[in-house]
Number of protein chains: 2
Amino acid sequence: MTAKLLMATRNKGKELELRSLLAGLPLEIMTLNDWPDLPEAMEDQPTFLGNATQKALLGAQQTGLITLADDSGLEVAALGGLPGVRSARFAGEERNDRRNNMKLLSLLKDIPLSQRTAQFVCVAVIATPDGKIYSAEGRCTGIIVSEFQGKGGFGYDPIFYVPGLHKTFAQLDLEEKNRISHRGQALREAVTIIRTRLSHGC
Amino acid sequence: MTAKLLMATRNKGKELELRSLLAGLPLEIMTLNDWPDLPEAMEDQPTFLGNATQKALLGAQQTGLITLADDSGLEVAALGGLPGVRSARFAGEERNDRRNNMKLLSLLKDIPLSQRTAQFVCVAVIATPDGKIYSAEGRCTGIIVSEFQGKGGFGYDPIFYVPGLHKTFAQLDLEEKNRISHRGQALREAVTIIRTRLSHGC
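These notes cover the structure that comes with them. (Residues numbered from 1 in each chain as written. Chains lettered and ligands numbered in written order. Predicted model: local features only at pLDDT ≥ 70, side-chain atom pairs only at ≥ 80, totals over all residues. Heavy atoms only, no water.)

### Some details on helix α1 (residues 12-21) of chain A
Residue and element names in this part refer to chain A. Among the residues of α1, Lys14, Glu15, Glu17 and Leu18 are the ones counted as buried. Along α1, the residues classed as buried sweep out an arc of 165° about the axis, all on the same side. What points out from α1, more than 90 degrees from its buried face, is the exposed set Lys12, Leu16 and Ser20. As for α1, its buried residues are in contact with β1 (3-7), β2 (27-31), β3 (66-76), α4 (174-180) and α5 (182-198). Its side-chain oxygen 3.0 Å from the backbone nitrogen of lysine 14, asparagine 11 forms the N-cap of α1. (Buried < 20%, exposed > 50% of the residue type's maximum accessible area, 1.4 Å probe, protein only. Helix = DSSP H or I, 4+ residues; strand = E, 2+ residues; numbered from the N terminus. Arc of directions from axis to C-beta. Contact = heavy atoms within 4.5 Å. Polar contact = N/O pair within 3.5 Å; in protein donor to acceptor, adjacent residues only side chain to side chain.)

### Regarding the side chain of serine 181 of chain A
Residue and element names in this part refer to chain A. Locating serine 181 in the fold gives a position in the loop between α4 and α5. Given the relative accessible area of 2%, serine 181 is considered buried. Reaching out from serine 181, the side chain makes a polar contact with the backbone nitrogen of glycine 184 at a distance of 2.9 Å.

### Here we look at the relation of the copies chain B and chain A
Here chain B sits on chain A after a turn of 180° about the axis and a move of 0.0 Å along it, with an RMSD of 0.0 Å. The operation mapping one copy onto its partner corresponds to a two-fold rotation axis. The share of interface residues of chain B whose copies in chain A are also at the interface is 100%, consistent with both copies meeting through the same surface. (Least-squares fit on C-alpha atoms with pLDDT ≥ 70 in both.)

### Some remarks on the packing of aromatic side chains
All names here are of chain A. Applying the stated criterion across every chain yields a total of six aromatic pairs over all chains. Centroid distance phenylalanine 120 to phenylalanine 169: 5.4 Å. Interplanar angle 20°. Geometry classified as stacked. Placement of phenylalanine 120 in strand β4 (residues 117-127) and of phenylalanine 169 in the loop between β7 (167-168) and α4 is noted, with a sequence separation of 49 residues between them. In this pair, the class of phenylalanine 120 matches that of phenylalanine 169, namely buried. (Phe/Tyr/Trp six-rings, centres within 6.5 Å; stacked < 30°, edge-to-face > 60°.)

### Regarding the layout of surface pockets
Within this model, the largest pocket holds a volume of roughly 1,500 Å³. Along the walls of the largest pocket sit 48 residues, with Leu49, Ser135 and Glu137 of chain A together with Ser135 and Glu137 of chain B positioned nearest its centre. Looking at the lining of the largest pocket, the elements with two or more residues in it are α2 (48-63), β4, β5 (133-144) and α5 of chain A together with α2 (48-63), β4 (117-127), β5 (133-144) and α5 (182-198) of chain B. Each residue belonging to the lining of the largest pocket can be placed in one class, and the counts come to 22 nonpolar, 14 polar and 12 charged. (1 Å grid on protein atoms, 1.4 Å probe; cavity = no way out; pocket = protein on both sides within 12 Å on 5 of 7 lines; lining within 4 Å. Points joined across faces, edges and corners; volume = space filled by probe spheres on them. Nonpolar A, V, L, I, M, F, W, Y, C, P; charged D, E, K, R; others polar.)

### Some details on the packing of α1 of chain A against α5 of chain A
Residues and elements named next belong to chain A. Interaxial distance between α1 and α5 falls to 10 Å at its minimum, and their mutual angle equals 50°. Accordingly, the angle class assigned to the pair α1 and α5 is oblique. Our pair here, α1 against α5, has a crossing hand that is right-handed. Across the interface between the two elements, Lys14, Glu17, Leu18 and Leu21 of α1 pack against Arg183, Gly184, Leu187, Arg188 and Val191 of α5. A class-by-class count of the residues in the contact of α1 with α5 yields four nonpolar, one polar and four charged. (Axes fitted to C-alpha atoms, helices over the stretch in contact; angles between N-to-C directions. Parallel < 35°, antiparallel > 145°, perpendicular 65-115°, else oblique. Left-handed = near helix turned anticlockwise from the far one by under 90°.)

### Notes on the sheet that holds strand β6 (residues 160-162) of chain A
All names here are of chain A. Spatial ordering of the open sheet is given by β2-β1-β3-β4-β5-β6-β7, a layout of seven strands whose pairing is mixed. What marks the edges here is a single partner per strand, and that holds for β2 and β7. Note that β4 and β5 share 11 bridges and pair antiparallel. For valine 125, the partnering residue across the bridge sits in β5 and is serine 135. (Pairing = 2+ DSSP bridges.)

Here it is in structure tokens:
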């Protein structure tokens, strides 16, 4: 019998990424789309860890499956870590990438490039049905540039420039992005935890 | 009126350390010794983060106060991260530093010094009464040596050698140890979170 793992998301892109990372493991990946009626976690926590923990524990409790959840965002040093957990809704409750980017650039307009360092952060949490938690984290450092560059990715990717690659996140292909991104790092670490510590219990 | 913060411990040493880090802030520190009858958290989680979160959330829920808890231990690379969350009870349920050290050295007896790297890890979690969580982490890298050196500290300190200082943790005075230790780092970061994000809510 194949064991099951819940990824606490309804996002198809996240699901595909996880499936590729878990390829070869005897695990059947479920998502919240397999339970259309489940209420979702609030995501009202002040930290990525808080939101990911909330989502993972709720999913594990609701379904009885080992559950993986993640939360991520952009932290700009010159803004004391903003937009942080507010990244997706920085310019208003309705998620709008373009407006979020414009708001960020407007806040940074008097700040020189040398002081525009930022990091993308992703925290993944794995929860078991009896309330045990494991966490993994990934970070990727870059600079917020004023010109939009590239058509890939989403969110702040077009203005998040990685000096070592001479490209923004939006100029990377998906494979290249996953290799260095905060989310790729966190998910790979989460997969290691699942393989080494949880695969018998799934 | 002075605000109150609960440190979810009955350990006097931890209390003193936190008091010195919070000196000057308008915060009254309480500990579980102020509530002698409260049941304690189980500490049966597989991770430091899990244990610290469990303790902090339970304390905040029981007392209605913003609560700080920590969990820490030693991870030896050659042993796949053991003793980890089992650090305090590695050689048996009754906590015994000497026996824990002897068990660790016996497991490492065929491993050359160059492969005996280890890290002390501390995770601190701050929880609010409405279930929000913040976390902070500290790490300190060293080498597990076979001869006990120094009389200070506790736990694995006499065999945890810090190459940069040419001393074991047990050979450091408390101030010197707090400056570099995993616990000092995590608590300083936790104090920053309390000062910048929570002091109005305490």
